[in-house]
Structure formats: structure tokens, C-alpha cells
Amino acid sequence: MSQNDIDVLDLRLLRLFDAIHATSSITKAADALDLSQPTVSIGLGKLRRHFGDPLFVRTPDGMLATPLADGLIVAVRDALQALRQVSEWRNAFDAGTSSRSFVIAMTDASHITLLPELLSAAWEIAPSIRLDVTRIDDRLSAALQSGDVDLALGLIPSLENGFYQQKLFEQDWICLARQGHPQLTQGLSLRTYQAAAHIGIIYGTGQLLLEKALASHGIDRRIVLRLPGFLGLSSILADSDLIATLPRHIGTTLARLGGLAVHECPFAIDGFFVKQHWHARYHRDPANQWLRSLCARVFTRQAERK
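The sections below set out a description of the structure shown in this document. This is a predicted model, so every value here is computed, not measured.

If you trace the 5 strands from one edge of the open sheet to the other, you get 4-3-5-12-6, paired in mixed fashion. With one partner strand each, in any of the chains shown, strand 4 (130-134) and strand 6 (164-171) form the two edges of the open sheet. For this sheet, the mean inter-axis angle between neighbouring strands, taken without regard to orientation, is 25°. Pairing between strand 3 (residues 101-105) and strand 5 (residues 151-154): 2 bridges, direction parallel. Paired with Ile104 across the bridge in strand 5 is Leu151.

Laid out in C-alpha cells, this is it:
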């Protein structure tokens with residue numbers, strides 16, 4: 001069978017075949033399809049030539065199907081249904097009924113500052129979805145491209161190029177210490193900052209910006225404790241005379257949770273934007289769009305309250 005023979009079986013001929021089989025009449029099939037009887041007859045002729053079979057035979061009871069036509073009708077109707085489904089397809093996402101799992105990459109600071117409110121807002125709208133949180137690492141770019149990760153939140157310079165991004169809120173820097181810290185009764189000056197003992201955060205968001213600022217101001221902090229992240233930081237500060245320098249969002253959250261004092265940083269440190277990042281493959285995906293919209297709404301509102 002040549003390619004031209006296959007091409008004659010277009011949608012119109014399949015619909016014509018179905019209508020004749022359903023009505024057992026050329027006239028009724030023409031009415032159902034809003035076609036003329038000659039047009040239906042011409043189409044039937046094409047079908048007969050293609051299959052090498054009469055397909056429908058005129059009898060006193062109408063145009064009755066041959067065994068071949070009866071054998072074809074299920075496949076023809078399945079094909080028409082499939083075409084209707086494709087034509088009617090809408091790439092939609094219903095948050096209220098979806099049980100989809102989303103994977104979000106974020107820092108451990110975001111576990112404290114962003115995740116609780118995101119969970120609350122997401123489950124209020126979409127009670128059956130699941131959120132999986134993963135860390136930011138050197139595989140993140142590939143994971144976003146493959147769809148293994150839906151969204152990445154934070155300061156992530158490696159995703160500045162080739163990815164969509166949206167600013168959520170801006171961060172500056174503050175210092176935390178316990179209430180009643182003996183060296184800070186008059187506030188935190190540059191002199192008292194340099195004289196104090198400090199906690200250093202190794203992998204915190206924006207730590208390179210902090211180190212750059214310290215170097216440019218010629219400040220050599222006396223670090224007596226280094227932590228890989230923010231876990232346990234508020235408890236350590238509350239029970240010691242140490243000082244921590246960290247972004248405002250995580251800092252004010254820890255201060256509220258641990259009853260700590262917040263001090264403005266006594267020297268300038270470059271601020272930064274916390275952003276959400278996603279891959280171009282999923283830019284128009286409705287589920288990804290919904291998640292991004294939720295994050296933008298929740299985190300913009302949350303940052304305004306800080």
C-alpha cells in the first residue's frame with residue numbers, strides 16, 4: 001500500500017464511515033454530517049477502493065455493513081475518540097484535586113523561614129499535594145532540567161544564566177546576640193563587633209558576600225565556633241556571649257524563636273535577592289506555574305512583615 005493510499009483515510013472519511021455504519025443510510029449520514037448525498041457517496045467510493053470491499057450493501061433494510069466493515073467499526077470509533085481527546089486536550093492543573101508531588105530545592109535557612117508558611121498556604125489550597133524538599137548542590141541545574149526538581153529557592157548564582165528566575169524579596173544583614181549581652185549594653189558598634197567572639201556559618205546563604213565585606217573593611221573576626229548551617233544557632237547564642245552575622249530574614253526568625261536581640265550590622269555588607277528559579281522546559285507547565293505563583297505570593301507577603 002502506497003503512502004498516498006494511506007493518506008486518503010483522513011478524519012472526514014473516518015467520520016463518514018462511522019455515520020453510515022450508525023445510520024445504515026447514505027441520506028441520514030449526509031444529514032448527520034451536514035454534507036450532500038453525492039459527497040457522502042464519493043467518500044464511500046474512496047473507502048471501498050482503499051479496503052477493496054463494498055463495506056456497505058444496499059438492502060430493503062438500508063445500507064448494511066459487510067463483515068469487514070463490522071470488523072473495522074470498533075477501531076474507527078476508537079480512532080475518532082482518540083482524535084477528539086487530542087483536540088480537546090488542555091494542559092490544566094487543578095490544585096484543589098491534584099495529588100501531585102513537587103520537589104523544591106532550598107537552603108536549611110529556608111527550612112526555618114520559608115517552608116512552614118509555604119506548607120500552610122499550599123495545603124490550604126491543595127490538600128492532597130506532597131512537597132519534597134531537597135538541598136541545593138552542584139547537580140541542581142541538571143535536576144531542574146530533567147524535572148527531578150520543580151523549583152529552586154534562594155541565592156543561587158550558578159542558576160543566573162539559562163534559567164528563568166523571579167525576585168521574591170531582598171535581604172540585608174543583621175547581627176544576633178543574647179538579651180543582656182554584657183558587651184552590647186550600649187548597642188553594637190564596629191569597635192564592639194571587632195572585640196566580640198563570633199559564630200561563623202560555613203555554608204549559609206550569602207556567606208561569600210559577608211566575607212568580602214569583612215575583607216574590604218579590614219575586619220578580622222574572632223571566630224570561636226563554626227557551624228555548617230543554622231541548626232542550633234539560636235540556642236547557642238541564647239546561652240553564650242557570642243555574636244552571629246546573618247541575613248535579616250533568617251536572623252529575625254531565629255531572634256523571634258529564641259528570644260534574641262537584633263542589632264543592625266555596624267558595617268556595610270552587600271545585600272542580595274532571594275529568587276525562585278525554574279527551567280525553560282517547565283515555564284508554561286500549569287503545575288509549575290501554580291507553584292511559582294504560590295511562592296511569589298507567600299514569600300512577598302512574608303518578607304513585608306519582617
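Inspection of every chain in the model, using the stated rule, returns 11 salt bridges. Ionic pairing is found between Arg77 and Asp18, a salt bridge with its closest N-O pair at 2.5 Å. Separated by 59 residues along the polypeptide, Arg77 in helix 5 (residues 67-88) and Asp18 in helix 2 (residues 11-23) bring together distant segments of the chain. Of the charged contacts in the structure, one is a salt bridge between Arg221 and Glu211, with a shortest N-O distance of 3.4 Å. Residue Arg221 is found in the loop between helix 10 (207-216) and strand 9 (222-227), and its partner Glu211 is found in helix 10; the two are separated by 10 residues along the sequence. By relative accessible area, which is 38% here, Glu211 ends up partly exposed. The network of salt bridges with shared partners includes Arg100, Asp150 and Asp285.

Tallied over the full model, the rule gives 0 disulfides. The closest cysteine sulfur to the non-disulfide-bonded Cys175 is located on Cys265, 4.2 Å from its own sulfur. On the basis of relative accessible area, Cys175 is assigned to the buried category, the value being 0%. What makes Cys265 buried here is its relative accessible area of 16%.

Turning next to helix 2. Here helix 2 spans 18 Å end to end across 13 residues, near enough to the 18 Å set by a 1.5 Å rise per residue. Turning to helix 2, its buried residues number three or more, namely Leu13, Leu14, Leu16, Phe17, Ala19, Ile20 and His21. Phi turns positive one or two residues past the end of helix 2, at Ser24, with a value near 55°.

The rules we used
- Residues numbered from 1 in each chain as written.
- Predicted model: local features only at pLDDT ≥ 70, side-chain atom pairs only at ≥ 80, totals over all residues.
- Heavy atoms only, no water.
- Pairing = 2+ DSSP bridges.
- Helix = DSSP H or I, 4+ residues; strand = E, 2+ residues; numbered from the N terminus.
- Axes fitted to C-alpha atoms, helices over the stretch in contact; angles between N-to-C directions.
- Salt bridge = Lys/Arg side-chain N within 4 Å of Asp/Glu carboxyl O.
- Buried < 20%, exposed > 50% of the residue type's maximum accessible area, 1.4 Å probe, protein only.
- Disulfide = S-S within 2.5 Å.
- Expected span 1.5 Å × (residues − 1).

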